[in-house]
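Chain by chain, the residues run as shown.
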Amino acid sequence: MPVAIITGASKGLGRALAGALARRGWDVVVDARSAGPLEEAARELRGAGSRVVALPGDVTDGGHRAALVAAARELGGLDLLVNNAGALGAEPLVSLADQPLEGLRTALEVNVVAPLGLTQEALSLLRASSYLPSYEEVTPYTEKAPYKGDRDASATYDPYPYSENYQNSNLSDSPAYVGAGGAVLNISSDAAVEAYATWGGYGAAKAALDQQSAVLAVEEPGLRVWWVDPGDMRTDLYAAAVPDDDDSGRPLPETVVPALLWLLDSAAHSGRYTAAAGRAVPAGRSPR
């Protein structure tokens, strides 16, 4: 059975994705800071018949990250790493003039440093995975960042930086990469690319996660690396960010899961995606 690690899986999008994977027969390693809600989620996941390892802890703790990967290894390996746990940096959100610097440090530790640490810990298992098919007619891109056009205000992001059908069409003399590996799914935000008042600290951390993901995709061409803006959701995180906002009309996290499963089912190329219309749409494109 394929194996996934999902952080922040006691509620919200992490729990919804873990449930969907368990129902598909995946074995899962899940974590959260609160042991009670995490064990409740684990019981629900085990009801699908999958093996579930629930490890309460903080993703900023290197020992905890090592334990998550060790648990995946005991289950047989690792095919998908989902860095979903997040921190706002201030609750409720405040303007940059009032942003607590310690809160910003926390947001960077949880949203940027911890995902990198967990990815580093898991790389050997992800490289050894054979769950996703190998790239075909794909050239590792090493010349510049995966953007279409010049790096100016008119540049658009290229979600397929490794495909011969896109930006690499002029690199026909480069050898094709043949291999197989697992996938890293980093949960991003539209605050990473849009300037929203009071979302500066959180947005800066997610923007750093986006760039980190893009570089990882270049450095690890045998893996799929997806960084995904899930869109507006009715979650505890949003309620903590903007407690006075009525979020009753916002979609539930379960509505985003089909887009994330689409990435797996289609073995989508590495890149930044936005969840839309039940599938993950490459940045800068509309759902079709």
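See the structure above.
Residues numbered from 1 in each chain as written. Predicted model: local features only at pLDDT ≥ 70, side-chain atom pairs only at ≥ 80, totals over all residues. Heavy atoms only, no water.

### Regarding the overall build of the chain
Then step 1. When helices and strands are counted, the chain shows seven helices and ten strands.
Then step 2. In the chain, which comprises 288 residues, the share counted as buried stands at 51%.
Then step 3. In the structure as shown, the chain presents an accessible area of about 13,000 Å², 50% of it carried by carbon and sulfur atoms. (Helix = DSSP H or I, 4+ residues; strand = E, 2+ residues; numbered from the N terminus. Buried < 20%, exposed > 50% of the residue type's maximum accessible area, 1.4 Å probe, protein only. Areas by Shrake-Rupley, 256 points an atom, 1.4 Å probe, with all protein chains shown as cover.)

### Considering the layout of surface pockets
In this approach the atoms are scanned with a rolling probe the size of a water molecule, which exposes any empty space left behind.
Then step 1. The space that makes up the largest pocket amounts to roughly 1,100 Å³.
Then step 2. Considering the residues around the largest pocket, the lining is formed by 46 residues, among which N84, G86, T235, D236 and L237 are closest to the centre.
Then step 3. Among the elements of the structure, α1 (12–23), β2 (27–32), α4 (101–128), α5 (200–219) and α6 (236–241) are those that each provide at least two residues to the lining of the largest pocket.
Then step 4. Looking at which element gives the most residues to the lining of the largest pocket, the answer is α6, with five residues.
Then step 5. Here the lining of the largest pocket is composed, by residue class, of 20 nonpolar, 15 polar and eleven charged.
Then step 6. Each pocket or cavity is described by its volume, and for the second largest pocket that value is around 150 Å³. (1 Å grid on protein atoms, 1.4 Å probe; cavity = no way out; pocket = protein on both sides within 12 Å on 5 of 7 lines; lining within 4 Å. Points joined across faces, edges and corners; volume = space filled by probe spheres on them. Nonpolar A, V, L, I, M, F, W, Y, C, P; charged D, E, K, R; others polar.)

### Description of the pattern of salt bridges
Then step 1. Inspection of every chain in the model, using the stated rule, returns eleven salt bridges.
Then step 2. E40 is the salt-bridge partner of R15, the closest N and O atoms lying 3.9 Å from each other. Placement of the pair is R15 in helix α1 and E40 in helix α2 (residues 35–46), with a sequence separation of 25 residues.
Then step 3. With a shortest N-O distance of 2.9 Å, R250 and D232 are connected by a salt bridge. You can see R250 sitting in the loop between α6 and α7 (257–265) and its partner D232 sitting in the loop between β8 (224–229) and α6, a full 18 residues away along the chain.
Then step 4. Looking at D232, the relative accessible area reads 46%, which means it is partly exposed.
Then step 5. Several salt bridges converge on common partners, so that one network encompasses R15, E40 and E44. (Salt bridge = Lys/Arg side-chain N within 4 Å of Asp/Glu carboxyl O.)

### Re the packing of α1 against α2
Then step 1. Where α1 contacts α2, the two axes come as close as 10 Å, and the packing angle between them is 25°. The pairing of α1 with α2 is recorded here as roughly parallel in orientation. Handedness of the crossing formed by α1 with α2: right-handed. Facing α1, whose interface residues are R15, A18, G19 and A22, α2 presents P37, E40, A41, E44 and L45. (Axes fitted to C-alpha atoms, helices over the stretch in contact; angles between N-to-C directions. Parallel < 35°, antiparallel > 145°, perpendicular 65-115°, else oblique. Left-handed = near helix turned anticlockwise from the far one by under 90°. Contact = heavy atoms within 4.5 Å.)

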